[in-house]
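Observations on the three-dimensional arrangement
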Protein chains: 2
Amino acid sequence: MSQRTKIKALLESGKTDIDVTVKGWVRTFRNNQFIALNDGSTNNTLQVIVDFENTDPTLLKRITTGAAISATGKLVASVGKGQSVEVKATTIEILGDSDPEKYPLQPKKHSLEFLREIAHLRFRTNTFGAVFRVRNTLAFAVHQFFQERGFIYLHTPIITASDAEGAGETFHVTNFDIANPPKTESGEIDYKQDFFGRSTNLTVSGQLEGELGAMGMSDIYTFGPTFRAENSNTTRHLAEFWMIEPEMAFYDAKDNADLAEALLKYVITYALDKNKDDIEFLTQRLLEEEKQKPQNERSEMTLIEKLQFCLANDFERLTYTEAIDILKDSTPNKKKKFQYLVEGWGTDLQSEHERYLVEKHFKKPVILTDYPKEIKSFYMRQNDDGKTVAAMDILFPGIGEIVGGSQREERLDRLEQRMDEIGIPKDELWWYLDTRRFGGCPHAGFGLGFERLVLFVTGMGNIRDVIPFPRFPKNAEF
Amino acid sequence: MSQRTKIKALLESGKTDIDVTVKGWVRTFRNNQFIALNDGSTNNTLQVIVDFENTDPTLLKRITTGAAISATGKLVASVGKGQSVEVKATTIEILGDSDPEKYPLQPKKHSLEFLREIAHLRFRTNTFGAVFRVRNTLAFAVHQFFQERGFIYLHTPIITASDAEGAGETFHVTNFDIANPPKTESGEIDYKQDFFGRSTNLTVSGQLEGELGAMGMSDIYTFGPTFRAENSNTTRHLAEFWMIEPEMAFYDAKDNADLAEALLKYVITYALDKNKDDIEFLTQRLLEEEKQKPQNERSEMTLIEKLQFCLANDFERLTYTEAIDILKDSTPNKKKKFQYLVEGWGTDLQSEHERYLVEKHFKKPVILTDYPKEIKSFYMRQNDDGKTVAAMDILFPGIGEIVGGSQREERLDRLEQRMDEIGIPKDELWWYLDTRRFGGCPHAGFGLGFERLVLFVTGMGNIRDVIPFPRFPKNAEF
């Protein structure tokens with residue numbers, strides 16, 4: 001194929017008076033003369049000027065919104081406003097037509113809901129181009145952060161036989177004919193005949209396997225898909241989402257919180273640096289969107305300000321117990337404005353409480369630690385008070401919980417006791433307990449919900465708009 | 001926690017006479033004095049010297065193989081052979097005991113089969129430490145390669161409703177109670193009541209969705225898990241494995257092959273550079289292993305030589321048709337040594353034929369192109385001869401197919417015709433066809449089986465030994 005230059009490279013090159021070939025999709029074509037061309041490498045379009053007097057009219061007619069074209073010509077300084085350079089085309093080739101009557105993406109504003117229905121085409125819009133470039137950068141920044149620190153990227157299994165974590169409802173995985181599964185003599189499903197010789201499901205977390213890696217490699221992280229078969233039709237939940245789960249040997253609870261805060265600041269910095277144009281676009285988008293809202297519901301800060309504010313300030317660290325005290329004394333609690341009133345120690349925090357702490361009280365990200373053991377998982381390290389565990393949740397403005405983690409219980413007797421208390425079968429997790437039997441050590445880890453991070457950095461309102469093809473109840477299209 | 005230095009950093013620092021704290025797992029403890037400590041950061045152990053005369057004998061007894069310890073002391077130049085520095089410990093702390101009678105990993109050589117059964121502990125062995133560090137490096141190198149070239153990392157869905165690709169048997173995903181799924185009045189499974197409102201399965205490839213991304217973002221790649229419910233108990237197949245699938249707009253078949261060759265060379269170079277110690281260790285391991293074989297079955301090159309050879313030479317490019325001619329005339333074909341004799345054009349190549357081309361005839365990686373359309377997928381671009389498609393397989397010595405790809409059929413009429421011919425339901429893939437209706441363009445892509453790449457670079461013999469927790473028929477342990 002002929003050498004092609006991407007629009008981003010071309011706009012950043014600072015060169016003019018060179019011959020170039022660009023390829024991409026027509027966004028608009030004005031006056032039979034001005035093509036706004038986008039190739040996905042940047043949010044910016046490149047203006048391609050057609051010499052319409054010397055161009056076959058049948059070709060001109062095929063330059064329509066959505067058409068894929070190749071344009072060759074000279075890159076020159078632009079006299080028009082809004083762009084530094086443009087291409088004076090000598091040849092235009094139509095690579096793929098787009099019937100303007102039928103093309104679903106008209107050159108006008110479409111709703112995000114409509115675009116979700118044509119998720120296969122929304123990559124071609126400004127908003128989703130920006131979202132998925134930012135998502136890409138955040139994903140790479142995660143890897144870069146951990147690689148710089150000597151962590152090992154570990155692929156933990158997606159199909160698992162253990163559902164012992166109790167992190168949520170799981171999807172079954174089977175290669176049975178569901179209409180006619182084999183049964184035992186006593187009439188039960190005969191999972192011995194299933195592909196894996198047992199009942200299996202999709203993982204809800206790679207943590208337990210991640211810990212196994214950490215108990216030999218010191219520092220590991222996962223970055224893979226996880227699943228919840230929960231009927232949650234919210235703007236914050238997906239049935240299939242990506243998680244980052246680092247596990248670190250020889251880390252205590254404070255090391256864990258330090259690492260999580262450093263990670264979040266690193267990746268946000270990285271995106272602000274690498275995707276400046278996209279985040280500026282998304283900032284404007286959000287401002288426009290918020291104009292629809294009453295004044296008192298609009299954000300106090302723009303998207304960029306919010307991201308920069310996050311970087312400039314230490315996250316507030318306090319215990320669950322301290323948070324309960326603040327919430328009990330808070331105005332919305334006293335005036336009974338909370339849907340769930342905070343009456344005492346021990347109850348789980350609701351989204352409204354987390355938002356109050358983050359958005360009203362501290363006005364910055366909050367790291368909440370040392371939750372009551374009853375509302376947290378069996379593997380969290382028990383504190384000396386006998387009541388709490390060394391858990392840590394990080395709460396972000398507008399998002400709520402973005403990170404959940406803990407120091408892990410490394411003491412075999414304590415761990416087994418807790419498993420017995422809440423009825424987790426120890427024999428199924430023999431391998432997990434082995435790492436406490438043989439050279440266990442203090443260790444910690446956390447999970448970062450990747451889509452929630454993307455939601456925060458892009459300022460989008462619905463988690464279905466930050467993953468290319470969202471999976472949620474009654475939807476597995478594409 | 002007290003500041004700790006990882007052994008890799010310490011060995012590379014070149015410093016001596018500094019105070020350090022190291023933490024890790026005891027590999028061996030000789031003469032009540034010499035601890036070989038490993039922390040997973042490197043294959044090398046650090047010698048920690050215990051002042052046994054001034055150490056509590058009960059503590060000395062707890063320094064056993066597998067125990068996790070923390071050692072603080074002075075880093076000094078080593079007088080012994082095999083190491084440049086060692087730590088003269090002033091304090092040793094036992095973080096986690098390991099009963100030497102019960103610890104499964106004795107300080108002796110274990111078979112790979114045995115270690116597979118204790119995959120939760122095999123991270124602590126030299127071989128698997130090296131394998132998983134190399135795997136980590138290769139994964140990061142993949143990202144780095146694509147990021148340098150402006151590709152967008154795209155997370156394509158794991159749960160899909162379409163099985164139209166026909167790439168292999170799929171696993172069903174459901175949240176039905178399999179013993180009692182809801183049925184319609186006519187007695188069939190009522191998938192409308194399933195979580196996604198339809199029958200779903202685990203993806204066999206992210207390609208089709210990847211193409212959608214490329215048709216707006218230009219260049220994308222996936223890197224995620226894929227699944228096959230095939231009862232293949234071989235050293236080359238897994239039920240769950242990771243694939244890298246780039247899709248590029250405006251690429252033709254040659255661009256595609258160029259990119260794949262560049263990618264493979266880049267990641268191998270990266271691993272040779274970053275994991276020199278590990279690959280040297282694995283080279284020795286393979287030499288030892290091959291000593292068990294008769295002389296004529298041993299490799300002509302060592303592992304490192306094989307990797308370097310791959311980098312130093314252009315991959316051999318030829319068409320399927322040319323390959324058939326070579327195979328028909330080959331000695332093993334004429335002497336009927338092949339299990340499947342090559343009699344004419346049109347049959348698929350068997351592993352023995354691929355190996356002959358790569359290992360005997362060309363003695364280097366081979367890119368085979370332009371296969372008969374009957375043995376390839378519907379989405380591959382039809383060549384003008386009416387018989388072949390613009391497919392590309394890359395064959396590696398000892399591995400066989402490591403990459404499979406093609407230029408994609410961008411012409412709607414040709415694509416629909418082929419789908420009709422082989423009975424692929426067009427309505428299910430409406431979104432795929434849409435990208436040919438609206439601004440389609442020449443494009444190409446390929447899939448790289450990540451575990452096969454790791455297999456090649458580590459010289460391991462069984463694919464179950466290059467992924468932390470392998471999934472295969474009758475096995476979903478851990």
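Residues numbered from 1 in each chain as written. Chains lettered and ligands numbered in written order. Predicted model: local features only at pLDDT ≥ 70, side-chain atom pairs only at ≥ 80, totals over all residues. Heavy atoms only, no water.

Here the focus is the pattern of salt bridges. For the structure shown, the criterion picks out 64 salt bridges over all chains. Notably, a salt bridge pairs Arg-122 of chain B with Asp-465 of chain B, separated by 3.2 Å at the nearest N-O pair. With Arg-122 of chain B in the loop between α3 (112-117) and α4 (126-148) and Asp-465 of chain B in the segment after α14 (450-458), this residue pair connects regions lying 343 residues apart in the sequence. Assigned by exposure class, Arg-122 of chain B and Asp-465 of chain B land together as buried. Note that Lys-291 of chain B and Glu-288 of chain B form a salt bridge whose closest N and O atoms lie 3.3 Å from each other. When its relative accessible area of 52% is taken as the criterion, Lys-291 of chain B is described as exposed. Residues joined in a network through salt bridges with shared partners are Lys-254, Asp-258, Glu-261, Lys-265 and Arg-317 of chain A. (Salt bridge = Lys/Arg side-chain N within 4 Å of Asp/Glu carboxyl O. Helix = DSSP H or I, 4+ residues; strand = E, 2+ residues; numbered from the N terminus. Buried < 20%, exposed > 50% of the residue type's maximum accessible area, 1.4 Å probe, protein only.)

Moving on: the pairing of strand β4 (residues 68-77) of chain A. Residues and elements named next belong to chain A. When you tally the buried positions in β4, you get seven out of 10 residues, the bulk of the element. Bridging between strand β1 (residues 18-30) and β4 involves eight bridges; their strand directions are antiparallel. Bridge pairing in β4 links Asp-19 to Lys-74. Across 10 bridges, β4 lies against strand β5 (residues 85-96) in antiparallel orientation. Bridge pairing in β5 places Val-76 opposite Glu-86. (Pairing = 2+ DSSP bridges.)

A separate point is the sheet that holds β1 of chain A. Residue and element names in this part refer to chain A. Read around the closed barrel, the five strands follow the order β1-β2-β3-β5-β4; overall the barrel is mixed. Direction aside, neighbouring strands of the sheet carry axes that sit 55 degrees apart on average. Relative to β5, strand β3 (residues 46-49) runs parallel, the two sharing three bridges. Each bridged residue has a counterpart across the sheet, and for Val-48 the counterpart in β5 is Val-87. (Axes fitted to C-alpha atoms, helices over the stretch in contact; angles between N-to-C directions.)

Residue and element names in this part refer to chain B. Of all eight residues in helix α13 (residues 430-437), six are buried, a share of seventy percent or more. Among all positions of α13, only Trp-431, Tyr-432, Leu-433, Asp-434, Thr-435 and Arg-436 are buried. On its buried face, α13 is in contact with α5 (207-217), β15 (400-408), α12 (412-422) and β16 (443-449). Gly-439 occupies a position one or two residues after α13 and carries a positive phi of about 65 degrees. (Contact = heavy atoms within 4.5 Å.)

Looking now at the interface of chain B and chain A. Counting residues at the interface gives 114 residues for chain B and 114 residues for chain A. Across the chain B to chain A interface the summed buried area is about 9,300 Å²; carbon plus sulfur atoms make up 64%. The interface formed by chain B and chain A contains four salt bridges. Here chain B and chain A share 43 residue pairs in polar contact (both at pLDDT 80 or more) between them. Among the elements that take part in the side of chain B that touches chain A, α4 of chain B stands out by supplying 10 residues, more than any other. The class makeup of the residues in the side of chain B that touches chain A is 56 nonpolar, 29 polar and 29 charged. Across three bridges, strand β8 (residues 172-174) of chain A lies against strand β8 (residues 172-174) of chain B in antiparallel orientation. Residue pairing for β8 of chain B: His-172 of chain A is matched across the bridge by Thr-174 of chain B. (Buried area = accessible area lost by both parts, 1.4 Å probe. Polar contact = N/O pair within 3.5 Å; in protein donor to acceptor, adjacent residues only side chain to side chain. Nonpolar A, V, L, I, M, F, W, Y, C, P; charged D, E, K, R; others polar.)

Turning our eyes to something else, we now look at the environment of Leu-453 of chain A. Residues and elements named next belong to chain A. By secondary structure assignment, the location of Leu-453 is in helix α14 (residues 450-458). Under the relative-accessibility criterion, Leu-453 is labelled buried at 0%. Note: C-alpha distance between Leu-453 and Val-403 (50 residues apart in sequence) is 9.3 Å. What Leu-453 contacts, discounting residues up to four positions off in sequence, is Leu-138, Leu-264, Val-267, Ile-402 and Leu-448.

Residue and element names in this part refer to chain B. Mapped onto the elements, His-353 comes out in helix α11 (residues 351-361). Polar side-chain contacts of His-353 include one of 2.7 Å to the backbone oxygen of Tyr-340. In this structure, His-353 is in contact with Leu-327, Phe-338, Tyr-340 and Val-342, ignoring residues within four places of it in sequence.

Backbone hydrogen bonds are what pair the strands of a sheet, in a parallel or an antiparallel way. Residue and element names in this part refer to chain B. The strand order across the open sheet built from eight strands is β6-β10-β11-β16-β15-β14-β13-β12, with neighbouring strands paired in mixed fashion. On the outer flanks of this sheet lie β6 (152-153) and β12 (316-319), each paired with one strand and no other. Both β12 and strand β13 (residues 366-372) contribute to a ladder of four bridges, which runs parallel. When the sheet's bridge partners are listed, Glu-316 is paired in β13 with Val-366. Sheet strands in contact with α4 are β6, β10 (219-227) and β11 (240-249), and its direction is about 150 degrees off that of β10.

A few words on the side chain of Asp-252 of chain A. Mapping Asp-252 of chain A onto the fold places it in the loop between β11 (240-249) and α6 (253-274). Polar side-chain contacts of Asp-252 of chain A include one of 3.0 Å to the backbone nitrogen of Asp-255 of chain A.

The operation relating the pair of chain copies consists of a rotation about an axis and a translation along that axis. Note on the identical chains: chain B maps onto chain A by a rotation of 180 degrees and an axial translation of 0.0 Å, with an RMSD of 0.0 Å. As the rotation angle and translation indicate, the two copies are arranged about a two-fold axis. Looking at the rotation axis and the C-alpha trace of chain B, the residue lying nearest is Val-173 of chain B, at 2.5 Å. A shared interface surface links the copies, since 100% of the contact residues of chain B are contact residues in chain A too. (Least-squares fit on C-alpha atoms with pLDDT ≥ 70 in both.)

Turning our attention to the domain arrangement of chain A. Residue and element names in this part refer to chain A. Along its sequence, chain A is organised into domain 1 (7-104) and domain 2 (124-169 + 204-465). A separation of 44 Å is found between the C-alpha centroids of domain 1 and domain 2. In this assembly, 10 residues from domain 1 lie in contact with nine residues from domain 2. Taken together, domain 1 and domain 2 are joined by zero salt bridges. (Domains from an automatic or database assignment.)

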